[in-house]
Amino acid sequence: MQKQHQWRVLGIAVLLVIAGIFLYRLPINPGLDLAGGVHVILEVEPGYEVNNEVMNRVKLVISRRVDNLGVSEPVIQLKGQNQVIVDLPGIDDQQKAIDTIGKTAVLEFRDPDGNIVLTGANLAAANLSADQFGRPAVSFKLDRTGAEQFAAMTRKNIGRQAPIVLDEEVISNPVIQSSIENGEGQITGNFTADEAKHLVTLLRAGSLPVPLQVVETRRVGPTLGQQSIDQSISAATVGVILVLLYMLFYYRLPGALADVALIIYGILLMAGLAALRATLTLPGVAGLILSVGMAVDANILIFERIKEERQKGKHIRAAVDAGFSRAFSSIFDANITTLITAAVLFIYGTGPVKGFAVTLSLGILLSMFSAIFVTKTLIALVVNKDPEKYADSFGSVRGAN
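Just so we're clear, the structure is a prediction, and the values are computed from it rather than from any experiment.

What counts and how
Residues numbered from 1 in each chain as written. Predicted model: local features only at pLDDT ≥ 70, side-chain atom pairs only at ≥ 80, totals over all residues. Heavy atoms only, no water. Helix = DSSP H or I, 4+ residues; strand = E, 2+ residues; numbered from the N terminus. Buried < 20%, exposed > 50% of the residue type's maximum accessible area, 1.4 Å probe, protein only. Contact = heavy atoms within 4.5 Å. Areas by Shrake-Rupley, 256 points an atom, 1.4 Å probe, with all protein chains shown as cover. Expected span 1.5 Å × (residues − 1). Pairing = 2+ DSSP bridges. Polar contact = N/O pair within 3.5 Å; in protein donor to acceptor, adjacent residues only side chain to side chain. Core = buried A, V, L, I, M, F, W, Y, C linked by side-chain atoms within 4.5 Å. Axes fitted to C-alpha atoms, helices over the stretch in contact; angles between N-to-C directions. Patch = residues over 30% accessible without salt bridge, like charges linked within 9 Å, V, L, I, M, F, W, Y side chains within 5 Å. Salt bridge = Lys/Arg side-chain N within 4 Å of Asp/Glu carboxyl O. Phe/Tyr/Trp six-rings, centres within 6.5 Å; stacked < 30°, edge-to-face > 60°. Bend = angle between axes of the 7 residues up to and from the residue.

Engineer: Give me the lowdown on the overall build of the protein, citing residues and values where you can.
Structural biologist: Each helix and strand counted, the protein has 12 helices and 13 strands in total. For the protein, the residues scored as buried account for 41% of the 401 residues in total. Considering only residue pairs separated by 6 or more positions, the protein has 73% of its internal contacts joining residues 24 or more positions apart. Surface summary for the protein: the accessible area is close to 20,800 Å², and the carbon and sulfur share equals 57%.

Engineer: Can you break down unusual backbone geometry residue by residue, with the values?
Structural biologist: Although it is not a glycine, Arg 252 adopts a positive phi angle of roughly 60°. Within the element layout of this structure, Arg 252 appears in the loop between helix 7 (226–251) and helix 8 (253–275). The class of Arg 252 is exposed, set by a relative accessible area of 57%.

Engineer: An account of the environment of Pro 46 is needed here, citing residue identities and associated values.
Structural biologist: Turning to its location among the elements, Pro 46 is positioned in the loop between strand 2 (37–44) and helix 3 (52–69). Owing to a relative accessible area of 67%, Pro 46 belongs among the exposed residues under this scheme. Sequence-wise, Pro 46 and Pro 211 are 165 residues apart; in three dimensions their C-alpha atoms are separated by 9.3 Å.

Engineer: Tell me about helix 8, and name the residues and values.
Structural biologist: Here helix 8 is 23 residues long and its end C-alpha atoms lie 33 Å apart, about the 33 Å a rise of 1.5 Å per residue gives. Just downstream of helix 8, Arg 277 is the residue with a positive phi angle, here 55°.

Engineer: Describe the pairing of strand 4 (residues 83–89), listing the residues and the values that go with them.
Structural biologist: For a regular strand, side-chain orientation follows a simple rule: the groups alternate between the two sheet faces. Of all the seven residues making up strand 4, seven are buried; the element is thus mostly covered by neighbouring parts of the structure. Here strand 4 shows a buried face lined by Gln 83, Ile 85, Asp 87 and Pro 89 and a second buried face lined by Val 84, Val 86 and Leu 88. As defined by bridge partners, strand 3 (residues 75–79) adjoins strand 4 across five bridges and the pair is classed as antiparallel. Looking across to strand 4, one finds that Ile 76 is bridged to Val 86.

Engineer: Provide a residue-level description of the side chain of Arg 110, including the pertinent values.
Structural biologist: Summarising the element assignment, Arg 110 is placed in strand 5 (residues 107–110). There is a polar contact of 2.5 Å between the side chain of Arg 110 and the side chain of Glu 108. In this view, Arg 110 contacts Asn 115, Ile 116, Val 117, Met 153, Ala 162, Pro 163, Val 165 and Glu 168; residues no more than four positions away in its chain are not counted.

Engineer: With reference to specific residues and values, describe the nonpolar core.
Structural biologist: Counting 41 residues, the largest nonpolar core has Ile 302, Phe 303, Ile 306, Val 320, Ile 379 and Phe 394 as its most contacted members. Among the secondary structure elements, those contributing two or more residues to this core are helix 1 (2–25), helix 7, helix 8, helix 9 (282–311), helix 10 (316–348) and helix 11 (352–385). Per element, the largest residue contribution to this core is 10 residues, and it comes from helix 8. Non-local contacts of Ile 306, meaning those with residues more than four positions away in its chain, are made with Ala 319, Val 320, Gly 323, Phe 324, Ile 379 and Phe 394.

Engineer: Give a detailed account of the sheet that holds strand 9 (residues 164–166), specifying residues and quantitative values.
Structural biologist: The strand order across the open sheet formed by four strands is 6-5-9-10, and the pairing between neighbours is antiparallel. Across the chains shown, the open sheet's two edge strands, defined by having one partner strand only, are strand 6 (116–119) and strand 10 (169–172). When the angles between neighbouring strand axes are averaged without regard to direction, this sheet yields 35°. Pairing of strand 5 with strand 9, which is carried by three bridges, proceeds in the antiparallel orientation. By the bridge assignment, Phe 109 is partnered in strand 9 with Ile 164. Relative to strand 6, helix 5 (residues 144–156) is tilted by about 150°, and along the sheet it contacts strand 5 and strand 6.

Engineer: Please give an account of a nonpolar patch on the surface that cites residues and values.
Structural biologist: A surface patch of nonpolar side chains, about 800 Å² in accessible area, is lined by Phe 328, Phe 332, Ile 336, Ile 340, Val 344, Phe 346, Ile 347 and Tyr 348. Mapped onto the elements, Tyr 348 comes out in helix 10. Using a relative accessible area of 70% as the deciding quantity, one classes Tyr 348 as exposed.

Engineer: Talk me through the packing of aromatic side chains; I want residue IDs and the actual numbers.
Structural biologist: For the coordinates displayed, the defined rule picks out eight aromatic pairs. The interplanar angle of 80° and the centroid separation of 6.2 Å between the aromatic rings of Phe 140 and Phe 150 together place this pair among those described as edge-to-face. Of this pair, Phe 140 sits in strand 8 (residues 136–142) while Phe 150 sits in helix 5; the two residues are 10 residues apart in sequence, bridging distant segments of the chain. With a relative accessible area of 8%, Phe 150 lands in the buried category. For the ring pair Tyr 246 and Tyr 250, a centre distance of 5.5 Å and an interplane angle of 10° mean the geometry is stacked.

Engineer: So what's going on with helix 11? Which residues, and what values?
Structural biologist: The terminal C-alpha atoms of helix 11, which comprises 34 residues, lie 47 Å apart, in line with the 50 Å expected from a rise of 1.5 Å per residue. Of all the bends found along helix 11, the most pronounced is centred on Ser 370 and spans about 35°.

Engineer: Lay out the pattern of salt bridges with the relevant residues and their values.
Structural biologist: In total, this model carries 10 salt bridges according to the counting rule given. In this structure, Arg 160 and Asp 113 form a salt bridge, with 3.2 Å as the shortest nitrogen-oxygen distance. Taken together, the residues Arg 160 in the loop between helix 5 and strand 9 and Asp 113 in the loop between strand 5 and strand 6 connect sequence positions 47 residues apart. The exposure class of Arg 160 is partly exposed, given its relative accessible area of 37%. The residue Glu 181 makes a salt bridge to Arg 155 at a minimum N-O spacing of 2.9 Å. In this pair, Glu 181 is assigned in the loop between strand 10 and strand 11 (184–187) and Arg 155 in helix 5, connecting sequence segments 26 residues apart. Under the relative-accessibility criterion, Glu 181 is labelled partly exposed at 46%.

Have a look at this one:
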């Protein structure tokens, strides 16, 4: 049994080392309400008919483009019948954001006479590459239909130029050296690295079904302001310290062990958020605080169950095992119902609401691990070391076993 507990301690130590690596290498990014970002409102250009299907397609394409920007927890929502609101936390370059999310990105492959042979809809893949001189370029692969049409066009026009056009602008005008039968090619045009990467982003996300125009764009500062953020951090710190002190003075030795477990829980929670590359928003902070409260509740429930078992006259080891066994079902039921709620929020929510659901879910799972595994391991180590010395710390016996 002692060897089993030693393995558990080793496992906890390994998790803490891994958590430390994640926290060092992957800092948690603040959201729009904490760090600011870019707020953009886009509107369908006049003269184009739109419906729910078209606008949902617009939203989908913008979402894909934002994903390629590397923005965590963006807020993308439809407004009215023809507008889209986009909030991008942590983005400073307004023009780059607008160029990426609002460009129509209609790609056309034309023959030397200017006739459209195929469009970006026939693209199967687009990747960043380099041309024969080592300059940035974009490699592409066409689907089966596109490959057949492209092969037929290149066979007929060897030695002539075939322009590649993006939004009515020629971005490359290569000379056809030979017929291209495999549907693979390269777009070159003296691109910079950023321009080639930007083109790959547009092509991967697909083209917008209708052109958009920018109605409003602005750099957004933190919603709370730095003073309010500092006050919130101070309040959270004081709250955590008070909880730790309460557990220590009310439960003594078990409370001290619970405090250690809660500190480990906090480290693992922040590392988990870093590993998920989560963006921390105010709702996310609320989810963190709520999960901390549930972790404390789990420890309190365990200690009270152990006390009850001790009052029945059980030996300390038996009381600990029975206490954890009895507390587990209550902890499990309470956490599962909260997880279901968090899952619903994640599925149907957007932006900060999803952030709240993610932090709450991760916090719940780690709080269960902290209470059932970490706290139990720490208590078992103390009890096994000297059962008689520490027995009364977990409740007094009122009867014979």
